[in-house]
Amino acid sequence: MHFAAALFALSTLTNPFCDDIAKLVEGGREPIPFQTLRDADFRPMLLGRGCFPGGVSYFCQQSMLPPEITRDGMASRIAACLPDSKIAVEKPPADVPRAVVSGSGLRFSLVETGADRAHVGRILRIEIAADR
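Note that the structure is predicted; figures quoted are calculated from it, not measured.

As for the pattern of salt bridges
Logical step 1: For the structure shown, the criterion picks out eight salt bridges.
Logical step 2: Of the charged contacts, one joins Asp116 and Arg122 as a salt bridge, the two residues approaching to 3.0 Å between their closest N and O atoms.
Logical step 3: Residue class for Asp116 comes out exposed when judged on its relative accessible area of 61%.
Logical step 4: When salt bridges with common partners are traced through the structure, they connect Glu112, Asp116 and Arg122 into a single cluster.

Encoded structure:
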């Protein structure tokens with residue numbers, strides 16, 4: 001077994017967050033990404049209320065974020081679960097900057113909007129898609 005794969009497997013045994021990422025990695029490799037996970041009603045707990053499937057992606061969203069949850073912090077936490085991850089910050093035209101974590105065949109796009117004083121506070125959205 002390749003060392004990085006062994007380390008990845010070990011991390012999933014000790015970290016429920018990374019375990020959900022590992023399941024998403026496997027699901028992303030399917031001919032129709034995440035089909036088995038959708039059929040099993042898998043809801044990864046990357047954010048407080050879990051994530052939900054939509055089309056051939058998964059989506060996560062949480063409002064009223066506590067101060068310790070930020071776009072960049074969550075991107076780093078996701079990247080720590082992927083042995084070959086890369087993090088980039090993209091700024092699409094007329095859009096808010098997004099952190100993009102890619103690795104192990106997945107692409108996580110993270111966008112944070114709002115403000116602590118807004119009625120719904122800060123909002124973090126994550127889209128998870130197979131990176132093909």
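Moving on, there is more to tell.
Remarks on helix α4 (residues 71-79)
Logical step 1: If you check which residues of α4 are buried, you get Arg71, Met74, Ala75, Ile78 and Ala79. The arc enclosing the buried residues of α4, seen along the axis, measures out at 140°, which places them on a common side.
Logical step 2: The inward-facing, buried residues of α4 contact α2 (16-28), β3 (86-90), β4 (98-103), β5 (106-114) and β6 (122-130).

Quick look at the state of the cysteines
Logical step 1: Under the definition given, this model contains two disulfides.
Logical step 2: There is a disulfide in this structure between Cys18 and Cys81, and the S-S distance comes to 2.0 Å. Here Cys18 and Cys81 share a disulfide; its torsion about the S-S bond, -75°, makes the bridge left-handed. With Cys18 in helix α2 and Cys81 in the loop between α4 and β3, this pair connects stretches of sequence that are 63 residues apart.
Logical step 3: Between the sulfur atoms of Cys51 and its disulfide mate Cys60 the distance is 2.0 Å. Taking the torsion about the sulfur-sulfur bond, which here is approximately 95°, the covalent link between Cys51 and Cys60 counts as right-handed.
Logical step 4: On the basis of relative accessible area, Cys60 is assigned to the buried category, the value being 2%.
Logical step 5: Each bonded cysteine in the protein gets a number by its place in the sequence, and the pairs come out as 1-4, 2-3.

What to know about the pairing of β6
Logical step 1: β6 sits mainly inside the fold: seven of its nine residues count as buried.
Logical step 2: Where strand β2 (residues 57-62) and β6 come together, six bridges link them in antiparallel fashion. The residue of β6 that forms the bridge with Gln62 is Leu124.
Logical step 3: With nine bridges connecting them, β5 and β6 associate as antiparallel partners. Note on β6: the bridge partner recorded for Leu110 is Ile126.

Describing α2
Because an α-helix completes one turn every 3.6 residues, residues spaced three or four positions apart along the sequence face the same direction.
Logical step 1: Spanning 13 residues, α2 covers 18 Å between terminal C-alpha atoms, matching the ideal 18 Å at 1.5 Å per step.
Logical step 2: For α2, the N-terminal cap is Asn15; the gap from its side-chain oxygen to the backbone nitrogen of Phe17 is 2.9 Å.

Overview of the pairing of β5
Two faces make up the sheet, and in a regular strand the side chains alternate between them.
Logical step 1: Bridge count for β4 against β5 is six bridges, and the pairing is antiparallel. Bridge pairing in β5 places Val100 opposite Ser109.
Logical step 2: The turn linking β4 back onto β5 is made up of two residues, and Ser104 within it adopts a positive phi angle of 55°.

Cut-off values and rules
Residues numbered from 1 in each chain as written. Predicted model: local features only at pLDDT ≥ 70, side-chain atom pairs only at ≥ 80, totals over all residues. Heavy atoms only, no water. Salt bridge = Lys/Arg side-chain N within 4 Å of Asp/Glu carboxyl O. Buried < 20%, exposed > 50% of the residue type's maximum accessible area, 1.4 Å probe, protein only. Helix = DSSP H or I, 4+ residues; strand = E, 2+ residues; numbered from the N terminus. Arc of directions from axis to C-beta. Contact = heavy atoms within 4.5 Å. Disulfide = S-S within 2.5 Å. Pairing = 2+ DSSP bridges. Expected span 1.5 Å × (residues − 1). Polar contact = N/O pair within 3.5 Å; in protein donor to acceptor, adjacent residues only side chain to side chain.

In short, shape yes, function no, at least from these values alone.
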